[in-house]
Amino acid sequence: CLSLLLPSSYLLLLPSSSTSLLSSSKAWVTSHRLDSAVHAHLVTALHWLYSHRLPLLAGLIAASLLHLLHSLLLLLGALQHARSLLLPWLVSQALVLTAMALAFTACTFLSLFVSLPMAVVCPVLAGLVLGAWGHLWRRVARAYSRLGEARQVRVVARGEARVVAREEARVEAR
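About the thresholds
- Residues numbered from 1 in each chain as written.
- Predicted model: local features only at pLDDT ≥ 70, side-chain atom pairs only at ≥ 80, totals over all residues.
- Heavy atoms only, no water.
- Axes fitted to C-alpha atoms, helices over the stretch in contact; angles between N-to-C directions.
- Helix = DSSP H or I, 4+ residues; strand = E, 2+ residues; numbered from the N terminus.
- Parallel < 35°, antiparallel > 145°, perpendicular 65-115°, else oblique.
- Contact = heavy atoms within 4.5 Å.
- Nonpolar A, V, L, I, M, F, W, Y, C, P; charged D, E, K, R; others polar.
- Phe/Tyr/Trp six-rings, centres within 6.5 Å; stacked < 30°, edge-to-face > 60°.
- Lys NZ or Arg CZ within 6 Å of the ring centre and 35° of its normal.
- Polar contact = N/O pair within 3.5 Å; in protein donor to acceptor, adjacent residues only side chain to side chain.
- Expected span 1.5 Å × (residues − 1).
- Buried < 20%, exposed > 50% of the residue type's maximum accessible area, 1.4 Å probe, protein only.
- Patch = residues over 30% accessible without salt bridge, like charges linked within 9 Å, V, L, I, M, F, W, Y side chains within 5 Å.
- Areas by Shrake-Rupley, 256 points an atom, 1.4 Å probe, with all protein chains shown as cover.
- Salt bridge = Lys/Arg side-chain N within 4 Å of Asp/Glu carboxyl O.
- Lys, Arg positive; Asp, Glu negative; His and termini not counted.
- Charge placed at Lys NZ, Arg CZ, Asp CG, Glu CD.
- Arc of directions from axis to C-beta.
- Core = buried A, V, L, I, M, F, W, Y, C linked by side-chain atoms within 4.5 Å.
- 1 Å grid on protein atoms, 1.4 Å probe; cavity = no way out; pocket = protein on both sides within 12 Å on 5 of 7 lines; lining within 4 Å.
- Points joined across faces, edges and corners; volume = space filled by probe spheres on them.

The next point concerns the packing of helix α2 (residues 15-31) against helix α3 (residues 36-51). Running from N to C, α2 and α3 cross one another at 175°; their axes reach a closest spacing of 10 Å. Relative to α3, the element α2 is oriented roughly antiparallel. Facing Ser18, Thr19, Leu22, Ser25, Lys26, Val29 and Thr30 of α2, the residues of α3 in contact are His39, Leu42, Val43, Leu46, His47 and Tyr50. Partitioned by chemical class, the residues of the contact of α2 with α3 number 6 nonpolar, 6 polar and 1 charged.

Structurally, Ala94 is set in helix α5 (residues 87-114). On a C-alpha basis, the gap between Ala94 and Trp133 in space is 9.9 Å, while along the polypeptide they are 39 residues apart.

A separate point is the packing of aromatic side chains. Across all of its chains, the model carries 0 aromatic pairs by this definition. Here the guanidinium or amino end of Arg53 rests over the ring plane of Tyr50, the centre of that ring lying 4.2 Å away. Above the ring of Tyr144, the side-chain terminus of Arg83 is found at 3.9 Å from the ring centroid.

Let's shift gears to the side chain of Ser18. Mapping Ser18 onto the fold places it in helix α2. Of the polar contacts made by the side chain of Ser18, one reaches the backbone oxygen of Pro15; its length is 2.8 Å. Excluding anything up to four places from it in sequence, Ser18 contacts Leu11, Tyr50 and Arg53.

Moving on: helix α4 (residues 53-80). With 28 residues, α4 ought to run about 40 Å at 1.5 Å a step, and its terminal C-alpha atoms sit 40 Å apart, in line with that. Residues Leu57, Ile61, Ser64, His67, His70, Leu74 and Gly77 constitute the buried set of α4. Taken from the residues just after α4, His81 is the one with a positive phi, measuring 55°.

On the surface, Arg138, Arg139, Arg142 and Arg146 cluster together to form a positively charged patch. Tracing the sequence through the fold places Arg138 in helix α6 (residues 116-150).

Between the first and last C-alpha of α3 there are 23 Å, a value that for 16 residues agrees with the 22 Å anticipated at 1.5 Å per step. When α3 is considered as a whole, its buried residues turn out to be Val38, Val43 and Leu46. Projected onto a plane normal to the axis of α3, the buried residues spread over an arc of 130° and lie on a single side. α3 presents His41, Thr44 and Ser51 as exposed residues on the side facing more than 90 degrees away from its buried surface.

Judged by nonpolar contacts, Leu74, Leu86, Trp89, Leu90, Val140, Tyr144 and Leu147 together constitute the single largest core of 7 residues. Those elements giving two or more residues to this core turn out to be α5 and α6. Per element, the largest residue contribution to this core is 3 residues, and it comes from α6. Apart from the residues within four sequence positions on either side, Tyr144 is in contact with Arg83, Leu86, Leu87 and Leu90.

Another point: the layout of surface pockets. Of the pockets and cavities examined, the largest pocket occupies roughly 620 Å³. Around the largest pocket, the lining is made up of 23 residues, and of these Ala103, Phe104, Cys107, Leu110 and Ser111 lie nearest the centre. Those elements that place two or more of their residues in the lining of the largest pocket are α2, α3, α5 and α6. The biggest single contributor to the lining of the largest pocket is α5, with 8 residues. Broken down by class, the residue content of the lining of the largest pocket amounts to 21 nonpolar, 2 polar and no charged.

Here the focus is a nonpolar patch on the surface. Judged by side-chain polarity, Leu116, Val120, Val121, Val124, Leu125 and Leu128 come together as a nonpolar surface patch covering roughly 590 Å² of accessible area. Looking at the secondary structure, you find Leu116 in helix α6.

This is the structure in structure tokens:
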């Protein structure tokens with residue numbers, strides 16, 4: 001969250017920084033010997049990003065703040081064992097994981113055009129980050145389902161056993 005929020009805010013608040021980022025990105029693309037079609041597409045993409053930077057940065061900041069709020073709800077839900085507070089984080093994190101998988105695929109493909117060491121190192125590092133993030137999501141999803149199971153109890157009444165919510169068991173016990 002903060003890793004996107006702080007640079008985005010900096011680029012949004014200081015227009016000269018985004019101009020300098022564009023010029024240094026174009027210089028980097030030009031200095032590397034890329035395929036001419038790839039070079040043309042990258043320069044076009046950089047110009048498109050620069051011309052639409054304000055709405056893109058505002059959207060990125062809003063999404064980061066929303067994800068930060070969901071992370072705080074996750075923390076609160078874990079502390080209070082509140083299952084419903086885990087769900088917003090799980091949904092937003094699933095979207096982040098999908099975006100990361102798409103970025104991983106794109107970077108793996110594009111790294112082939114830059115250099116051989118980058119084509120080896122970048123996919124490995126990105127795969128490790130994506131795997132760790134996916135593992136974290138699975139752990140929270142498992143905690144979410146365990147909290148749901150903890151809210152159910154087994155009730156034996158009049159010779160029949162059934163699983164009901166904890167609130168219903170209290171009512172039947174009276």
